[in-house]
Amino acid sequence: MSPDVDLTVPRPGRHALRDRLLALDSRLFEFAAEQHWPYAERVLPRLSRSANHGVLWFATAAAIAASRTPRARRAAVRGLASLSLASLTINTLGKRSVRRPRPLLDPVPLVRQLKRQPITTSFPSGHSASAAAFATGVALESPAWALVVAPVAWSVALSRVYTGVHFPSDVLAGAALGAGAAFAVRGMVPTRDRLVPPARPRTDVPALPDGEGLVMVANTGSGTADRVHALLDALPRAEIVTCEPSDTRAELQNAAARARVLGVCGGDGTVNAAAEVALGHGLPLAVLPGGTMNHFAQDLGVEDAHDLSRAVRRGEAVRVDVGRFSCDGRQGLFLNTCSLGVYPELVRERDRFGARFGAWPAGVFAALRIMRSERHPLHAEVAGRAHPLWLLFAGNGTYHRVGLAPARRLDLADGVLDVRVVHGGRRPALRLLAAALAGPLTRSPAHAAVQVGRLRLSGVTPGALLAYDGEVTEVGGEVTLEKLPEALTVYRPLPGARS
C-alpha cells in the first residue's frame, strides 16, 4: 500500500453538524406533535397564553408575597427581577441575533394551536426564558416555593413546543438564558445564604424541646397572629401572652418574672423594649419577627417561626452587642440604629400618617414633606468643634452593602458604632441623597463615616429629636452614644447546625 494514501475518515464540516442538529430538532418537534397526553390539549394552550407579557408570573409573585414572610417576599422580588433581566436580554439581543422561522404547523393538531400566532423569530423562546428566570430566581431565595413554581415553569416551557410555536432547541436556549439571568441578578444582589456572617460568640442557653419555659409576649398591633400560631405548632408548651401596644412593656415585665426564656413577637420597637427587660432580668431573648420593620431579627438570621423554634429546641444562641444613648441622666438602648437630625423628624411624620396610608406610603409622604419644608441643620460639638449636621446616624454594628443590595449587618458583636454624618449646608435633599448612594464611602464634602466604640456630643440643640429603633424622644445639651459589648443573649439557629 502506498504511503501517500490517506485512510482517515473526513470530519463533518460545521454546516453538516448544524444540519444534523436541525434535523434532530425537527424530529423532536414532530414527535411532540404526535403525542396525546391526558388533559394537555385543554391545559397547556391556556397556560401558554396566560404567560403572555409575564402576566402569569406577576400573579404568581403576588401570591407568593401574600404569604407575608420575609423569605417569600424576597423570593417574589428576585423572581420578577430575574424575569425582567431575561426579557430585556431576549428582546434586545436574543431575537436579533438569530433569525429563525417558526415551525410549520402541519403536524400540530388544530385544537392545540394558539389563536394568535407569534410573528417574531423563533429562537430563542421568550416564554421559556421568562419561566426559567422566574423559577430559578425564586429557587435561589426559597427552595420551598421553588417546588411549587418549578412544575408550572416546566409546563409553560413544554407548552411552547406542544402548541407548535417553538422548536425544542428554542425552548432549551431560552431556559438556559433565563436561568443565567437569575444567577446574574444574584451576582448583583446576593441572596442571604451567600452573605456568610463571621463566627459570633456562641453561648450556653436552655434547650426547650417542647417550648416549656418560654413566655412569648406578642404585640397584637403588629399583626402577629399567624406567626404565633406557627410557633405554637412547633413549641406546643410555650406560653403566649397577647397584648395591645400600650400594654407591651408591662406584660414583658410580668412575663420575665416567671420565664426561663423571654420571647417577643413584634416590630423593632417592641423588640427593643423586650431587650431592655431581658437585660434587666438576666434572661436570654427569643425574637420572632412580627412587625413592618424587622431589621434586628433579619440581621440576626431569624426570619420566621421555623428558624426560632429550631434554635429554641436545640439551645442555640449567640451574644450580641447593644447600643446605649444617655442624656441628662436618662438612658435608652438601641439594637439597630440611633439618629439625630432629619431622620427622627421623618419617623415622627411617618407615624402620624401611618394609620391612614400604611407604613410604606406614609414613609414616602413624610420624606417629601420633610424635604420640601424650610428647616435648619442640627448643631452639635464633637471633640470641641461645632458642626452643623443634617443627619447623624449611629448603627449598632457595621452596616455593609454588597453589590446593589441594601445595607445590612453581618456581625452583631463587632464592638463598634457605625457612625455616618451628613454635614449641614444648602440643599439638604441632595446631600442626604448623595450620602445614601455612597453607602460605605468614608469621606466627601457632604458626608463622613467612622467606626468608633463611643461618641460624645455636646452643645446639641435643645429639643432635638433622637430616633432609636423606630421610637422618638427629645434630647439636648450633652448626648453620649456607646456600646455594651456582647451584653444580650439571643436565640438563633447556628450556621452548620441546620437540618
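Parameters and conventions
Residues numbered from 1 in each chain as written. Predicted model: local features only at pLDDT ≥ 70, side-chain atom pairs only at ≥ 80, totals over all residues. Heavy atoms only, no water. Helix = DSSP H or I, 4+ residues; strand = E, 2+ residues; numbered from the N terminus. Buried < 20%, exposed > 50% of the residue type's maximum accessible area, 1.4 Å probe, protein only. Contact = heavy atoms within 4.5 Å. Areas by Shrake-Rupley, 256 points an atom, 1.4 Å probe, with all protein chains shown as cover. pLDDT = per-residue confidence, 0-100. Polar contact = N/O pair within 3.5 Å; in protein donor to acceptor, adjacent residues only side chain to side chain. Patch = residues over 30% accessible without salt bridge, like charges linked within 9 Å, V, L, I, M, F, W, Y side chains within 5 Å. Salt bridge = Lys/Arg side-chain N within 4 Å of Asp/Glu carboxyl O. Lys, Arg positive; Asp, Glu negative; His and termini not counted. Charge placed at Lys NZ, Arg CZ, Asp CG, Glu CD. Phe/Tyr/Trp six-rings, centres within 6.5 Å; stacked < 30°, edge-to-face > 60°. Arc of directions from axis to C-beta. Axes fitted to C-alpha atoms, helices over the stretch in contact; angles between N-to-C directions. Parallel < 35°, antiparallel > 145°, perpendicular 65-115°, else oblique.

Visitor: Before we go on, may I ask you to explain the overall build of the protein chain in this structure?
Guide: Broken down by element type, the protein chain carries 15 helices and 15 strands. The proportion of buried residues among the 499 residues of the protein chain is 48%. Sequence separation of at least 24 residues holds for 74% of the intrachain contacts in the protein chain that already meet a minimum separation of 6. Total accessible area on the protein chain is roughly 25000 Å²; 58% of this is exposed by carbon and sulfur atoms.

Visitor: Is there a simple way to think about the confidence of the model for the protein chain in this case?
Guide: Caution applies to low-pLDDT regions: their predicted coordinates should not be interpreted in detail. For the protein chain, per-residue confidence averages 80 on the pLDDT scale, and residues scoring 70 or more make up 76% of the total. Per-residue pLDDT stays below 50 along residues 5-9; that stretch engages in 1 contact with residues further than four places along the chain or on separate chains.

Visitor: What is the right way to look at the side chain of Asn-336 in this model?
Guide: Mapped onto the elements of the fold, Asn-336 is located in the loop between β6 (330-334) and β7 (337-341). One polar contact links Asn-336 to Arg-409, side chain to side chain, over a distance of 2.6 Å. Setting aside residues up to four positions removed in sequence, Asn-336 forms contacts with Asp-268, His-295, Phe-296, Ala-394, Gly-395, Asn-396, Tyr-399, Arg-409 and Asp-469.

Visitor: Looking at this structure, I do not really get the environment of Val-416. What am I missing?
Guide: Relative to the helices and strands, Val-416 resides in the loop between β11 (408-409) and β12 (417-423). Aside from chain neighbours lying at most four places away, what touches Val-416 is Asp-321, Gly-395, Asn-396, Gly-397, Thr-398, Gln-451, Val-452 and Lys-483.

Visitor: Help me understand a positive patch on the surface, please; the structure alone is not making it clear to me.
Guide: Taken together, Arg-42, Arg-46, Arg-49 and Lys-115 make up a surface patch of like positive charges. One can find Arg-46 in helix α2 (residues 40-50).

Visitor: Any chance you could explain the packing of aromatic side chains here in plain terms?
Guide: Each aromatic ring pair is characterised by the separation of its centres together with the angle its planes make. Applying the stated criterion across every chain yields a total of 3 aromatic pairs. Geometrically, the ring pair formed by Phe-393 and Tyr-399 is edge-to-face, given 5.7 Å between the ring centres and 70 degrees between the ring planes. Exposure remark for Phe-393: the relative accessible area of 21% places this residue in the partly exposed category.

Visitor: Explain α2 to me, please; I cannot follow it from the model alone.
Guide: Owing to its 3.6 residues per turn, the α-helix aligns residues three or four sequence positions apart on the same side. Those residues of α2 that fall on the buried side of the exposure criterion are Ala-40, Leu-44, Pro-45, Leu-47 and Ser-48. For α2, the buried positions fall inside an angular range of 160 degrees around the axis, keeping them on one side. α2 presents Arg-42 and Arg-46 as exposed residues on the side facing more than 90 degrees away from its buried surface. The secondary structure elements touched by the buried residues of α2 are α3 (55-65), α5 (126-141) and α6 (143-162).

Visitor: Is there a simple way to explain the packing of α2 against α6 in this structure?
Guide: The relative placement of two packed helices is expressed as an angle between their axes plus a distance between the axes. Between α2 and α6, the least distance of the axes is 8 Å, while the angle of their chain directions is 100 degrees. Comparing their axes, α6 and α2 come out roughly perpendicular. Here Ala-40, Glu-41, Leu-44, Leu-47 and Ser-48 of α2 lie close against α6, whose contacting residues are Val-152, Ser-155, Val-156, Leu-158, Ser-159, Arg-160 and Tyr-162.

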